[in-house]
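# Structural characterization, general
Residue strings, one per chain:
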Amino acid sequence: ETGDSLATVRQALSVAPEFAAAHNLLGVLLAAQGQRSAAVASYVEALRLNPAQLEALHNLAAARLEEGAYREALELGQRAVELAPQRPDGHYNLGYALFESRHIEESLTEFRRALELWPDYVLAHTGSANALRALGHTAEAEGHAEAALRLEPNRAEALVLLGELRAEQGRFAE
């Protein structure tokens, strides 16, 4: 339960207020309770204390993406990839920010890099499918949507995307 966890993390912060990882965890727990602005404040504090706190960078980038603050998400995503180029989630987050900023080809490059690092990364498959679709590569996009569904058969986003891709190709009976 996040309530008990929140109390424990707040106690840790009362003992060690400069503990960046604890501020990040506080943000995660607050986000789980729907307290997005408080979560963002915790991620920002974690990064103030330790600008290289990778988890806080990822979490803040994801929060900024949800808010539609794509420019900031792009900057955070680039920082995360520079700090840890072998982390697939950093490439995915950067790809998502690029996609939402209408830099489609660059987003596809990041999604592909994420998949090179982790071939079973469902979100990178759906991101690739969306980017490929935007570039007019419907058949290749379909392959990524299908890959996402092989990994997570009940992923609604991938199911809808696959249906849309097939409809765009005139394949209504599948």
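Structure report, in brief. Keep in mind that this is a model prediction, so the values were computed, not measured.

Procedures and definitions
- Residues numbered from 1 in each chain as written.
- Predicted model: local features only at pLDDT ≥ 70, side-chain atom pairs only at ≥ 80, totals over all residues.
- Heavy atoms only, no water.
- Helix = DSSP H or I, 4+ residues; strand = E, 2+ residues; numbered from the N terminus.
- Expected span 1.5 Å × (residues − 1).
- Buried < 20%, exposed > 50% of the residue type's maximum accessible area, 1.4 Å probe, protein only.
- Contact = heavy atoms within 4.5 Å.
- Salt bridge = Lys/Arg side-chain N within 4 Å of Asp/Glu carboxyl O.
- Core = buried A, V, L, I, M, F, W, Y, C linked by side-chain atoms within 4.5 Å.
- Phe/Tyr/Trp six-rings, centres within 6.5 Å; stacked < 30°, edge-to-face > 60°.
- Axes fitted to C-alpha atoms, helices over the stretch in contact; angles between N-to-C directions.
- Parallel < 35°, antiparallel > 145°, perpendicular 65-115°, else oblique.
- Left-handed = near helix turned anticlockwise from the far one by under 90°.
- Nonpolar A, V, L, I, M, F, W, Y, C, P; charged D, E, K, R; others polar.
- Polar contact = N/O pair within 3.5 Å; in protein donor to acceptor, adjacent residues only side chain to side chain.

## Comments concerning helix 6 (residues 88–100)
The terminal C-alpha atoms of helix 6 lie 18 Å apart, and with 13 residues this matches the ideal 18 Å at 1.5 Å per residue to within 8%. Burial of helix 6 is extensive: 10 of the 13 residues sit out of reach of the surface. Among the residues making up helix 6, those that are buried are Pro88, Gly90, His91, Tyr92, Asn93, Leu94, Gly95, Ala97, Leu98 and Phe99. Residues of helix 6 that are buried make contact with helix 4 (54–67), helix 5 (70–83), helix 7 (104–117) and helix 8 (122–134). Backbone geometry just downstream of helix 6 places Arg102 in the positive-phi region, at approximately 70°.

## Brief notes about the pattern of salt bridges
Scanning the entire structure with this criterion turns up 14 salt bridges. Between Arg171 and Glu142 there is a salt bridge; the shortest N-O distance is 2.6 Å. You can see Arg171 sitting in the segment after helix 10 (156–168) and its partner Glu142 sitting in helix 9 (residues 138–151), a full 29 residues away along the chain. Taking the relative accessible area as the measure of exposure, Arg171 reaches 26% and is therefore partly exposed. Classification of Glu142 by relative accessible area gives buried; the value is 6%.

## Some details on helix 9
Over its 14 residues, helix 9 runs 20 Å from end to end, which matches the ideal 20 Å to within 8%, given 1.5 Å per residue. Listed in full, the buried residues belonging to helix 9 are Thr138, Ala141, Glu142, His144, Ala145, Ala147, Ala148 and Leu149. Buried residues in helix 9 make contact with helix 7, helix 8 and helix 10.

## What to know about the nonpolar core
Core analysis: the largest hydrophobic core is formed by 22 residues, its most contacted members being Val9, Leu26, Leu47, Leu57, Leu60 and Leu76. Looking at this core, the elements with two or more residues in it are helix 1 (2–15), helix 2 (20–32), helix 3 (36–49), helix 4 and helix 5. The leading source of residues in this core is helix 4, at 6 residues. Core analysis: the next-biggest nonpolar cluster, separate from the first, contains 21 residues, Ala124, Ala131, Leu161 and Leu162 among them.

## Some details on the packing of aromatic side chains
Under the criterion given, the structure shown has 4 aromatic pairs. With a centroid separation of 5.7 Å and 40° between ring planes, the pair formed by Tyr92 and Phe111 is classed as tilted. Note that Tyr92 is positioned in helix 6 and Phe111 in helix 7, a separation of 19 residues in sequence. Note on Trp118 and Tyr121: the rings are 4.6 Å apart at their centroids and 25° apart in plane angle, and the pair reads as stacked. Given the relative accessible area of 8%, Tyr121 is considered buried. Pairwise contacts between aromatic rings join Tyr92, Tyr96, Phe111, Trp118 and Tyr121 into one cluster.

## Describing the packing of helix 8 against helix 10
Following both chains from N to C, one finds helix 8 and helix 10 inclined at 25°, their axes separated by 11 Å at the closest point. One element, helix 8, and the other, helix 10, form an angle in the roughly parallel class. For helix 8 against helix 10, the interelement crossing comes out left-handed. Between helix 8, through Thr126, Ala129, Asn130 and Arg133, and helix 10, the contact on the second element is made entirely by Glu157, Ala158, Leu161, Glu164, Leu165 and Glu168. When its residues are assigned to classes, the contact of helix 8 with helix 10 shows 4 nonpolar, 2 polar and 4 charged.

## A word on the side chain of His144
Mapped onto the elements of the fold, His144 is located in helix 9. In this view, His144 contacts Leu115, His125, Ser128, Ala129 and Leu132; residues no more than four positions away in its chain are not counted.

## Things to note about the environment of Gln169
By the element assignment, Gln169 lies in the segment after helix 10. Between the alpha carbons of Gln169 and Glu45 there is a distance of 48 Å; along the sequence they are 124 residues apart. Those residues within four positions of Gln169 in sequence are excluded, and the remaining contacts are Thr138 and Glu142. Within the structure, the side chain of Gln169 is placed 2.8 Å from the side chain of Glu142, a separation counted as a polar contact.

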